[in-house]
Amino acid sequence: MAAPALALDIGGTKLAAGVVTPTGEVLGESREPTDPASSPERVLEALFELSESAIQQSGAGWRELGAVGVSFGGPVDFPAGRTVRCHHLPGWEGVPLRNLAAERAGLPAVMDNDANAAALGETAFGAARGCEHVLYLTVSTGIGGGLVLGNRIYRGANSAAGEIGHTLVAPGGPECTCGRCGCLEAVASGPGIARAALAALEAGEASTLARIPREALTARHVAEAAKSDSLATRIMDRVGEYLGLGIAAAVNLMNPEMVVIGGGVSEAGDVLLEPVRRAVRRGAVPESVRDLRIAAGELRDRGGLLGAAALALREGIQRTGRT
Ligand SMILES: [Zn+2]
């Protein structure tokens, strides 16, 4: 059996390290909040302190590990093993993170962006276990995506595949973080959902959401109120509709067995998933949706960590033995 992997997760809210077996069992895990002012050097230092602690908990030693996988919160140049930039931290332009991790750990390393890692993690250990063709979306502060085709991550020509968040679904809609208007991310991310609720309240619509201070209103409030409040229900229906439009276009292209939706907004459950399923059934060709399953992710806040482990365990870089 393949050796356990060291998994490293560089995210916007936390840094994490874990020792993970080929079946997805986490033998040891250590995490700390991300310091938004941290330099890449400091982040790596912190990750390897967390690694020492995770390895100690696991009862294994460095020598028993087969590879290191890194999930990075921003775009990467996959063939070069370099980061492009970080969504959350300064100084990550062009950092050779794969080699730095490999040198530091003394292990073969693989590094990818967090959405690709989570897509592979859900396929290896989560909601899409046993599937070969999976479309993964993370819906939280932004919307990212990852494609697993034939059990491998599909990265495209410039490591830029999977950017489903910037699919145009609402022409003339609100401005997106990318500078264009009406992207899926602008209308269906957490901030997009909160913005829609605020606009409706400002327009005088009656809702239990009006009891929440405007500056504190989040997508979570809207999702929770959707069970009983008609404005919140309409907003979540529309968000599901937008997500379904974007997903249907991708389903028509790639014909996945399963669509997995992760990220904080996915915790809304069926309030979100039911309108998504309806919209995908309407928008995709019948052959593509006949056996298609659409479900929430199962890995939750371990998506980055187990995704990093899946990269190390599934991308064929395991060493055969340490000398
Ligand atoms: Zn955009």
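Residues numbered from 1 in each chain as written. Predicted model: local features only at pLDDT ≥ 70, side-chain atom pairs only at ≥ 80, totals over all residues.

With that settled, consider the overall build of the protein chain. If you tally the helices and strands in the protein chain, you get ten helices and twelve strands. When the 323 residues of the protein chain are sorted by exposure, 48% land in the buried category. Within the protein chain, contacts between residues separated by at least 24 positions form 64% of all contacts whose residues are at least 6 apart in sequence. (Helix = DSSP H or I, 4+ residues; strand = E, 2+ residues; numbered from the N terminus. Buried ≥ 20, exposed ≤ 12 C-beta atoms within 10 Å, placed from the backbone. Contact = placed C-beta atoms within 7 Å.)

Each regular strand shows side chains that alternate between the opposite faces of the sheet. Summarising burial for strand 11 (residues 258–262): five of the five residues are buried, a large majority. Where strand 8 (residues 134–139) lies against strand 11, five bridges are found, and the strand directions are parallel. Considered in strand 11, the bridge of L137 is made with I261. Here strand 11 pairs with strand 12 (residues 293–296) via four bridges, running parallel. The residue bridging V260 from the neighbouring strand is A295, located in strand 12. (Pairing = 2+ DSSP bridges.)

This paragraph deals with the domain arrangement of the protein chain. We note that the domain assignment places domain 1 (5–113 + 302–314) and domain 2 (129–298) within the protein chain. A separation of 28 Å is found between the C-alpha centroids of domain 1 and domain 2. With six residues of domain 1 at the interface, the matching set in domain 2 holds six residues. Class assignment of the residues belonging to the side of domain 1 that touches domain 2 gives a composition of three nonpolar, one polar and two charged. (Domains from an automatic or database assignment. Nonpolar A, V, L, I, M, F, W, Y, C, P; charged D, E, K, R; others polar.)

Looking now at the pairing of strand 3 (residues 26–33). Alignment of strand 2 (residues 14–20) against strand 3, held across seven bridges, turns out to be antiparallel. Residue pairing for strand 3: G18 is matched across the bridge by E29. Counting the residues between successive antiparallel strands, the hairpin from strand 2 to strand 3 contains five residues, one of them, G24, with a positive phi of roughly 90 degrees.

Time to look at helix 2 (residues 97–105). Of all the residues in helix 2, the buried ones are L97, R98, A101 and A102. Along the long axis of helix 2, the arc covered by the buried residues comes to 135 degrees, so they all point the same way. Packed against the buried residues of helix 2 are strand 1 (5–10), strand 4 (67–72), strand 6 (82–83) and strand 7 (109–113). In the stretch just after helix 2, G106 is the one whose phi turns positive, near 65 degrees. (Arc of directions from axis to C-beta.)

The end-to-end C-alpha distance of helix 10 (residues 303–314), which contains twelve residues, comes to 15 Å, matching closely the 16 Å that a straight helix rising 1.5 Å per residue would cover. With twelve of twelve residues buried, helix 10 is to be regarded as a mostly interior element. (Expected span 1.5 Å × (residues − 1).)

Backbone hydrogen bonds hold the strands of a sheet together, and the pairing may be parallel or antiparallel. Pairing within the open sheet is mixed, and its five strands lie in the order 3-2-1-4-7. On the outer flanks of this sheet lie strand 3 and strand 7, each paired with one strand and no other. Geometrically, the sheet is characterised by an average inter-axis angle of 15 degrees between neighbouring strands, direction not taken into account. Helix 2 contacts strand 1, strand 4 and strand 7 of the sheet and is inclined by roughly 145 degrees relative to strand 7. The sheet contacts of helix 10 involve strand 1, strand 2, strand 3, strand 4 and strand 7, and relative to strand 1 the element is tilted by about 135 degrees. (Axes fitted to C-alpha atoms, helices over the stretch in contact; angles between N-to-C directions.)

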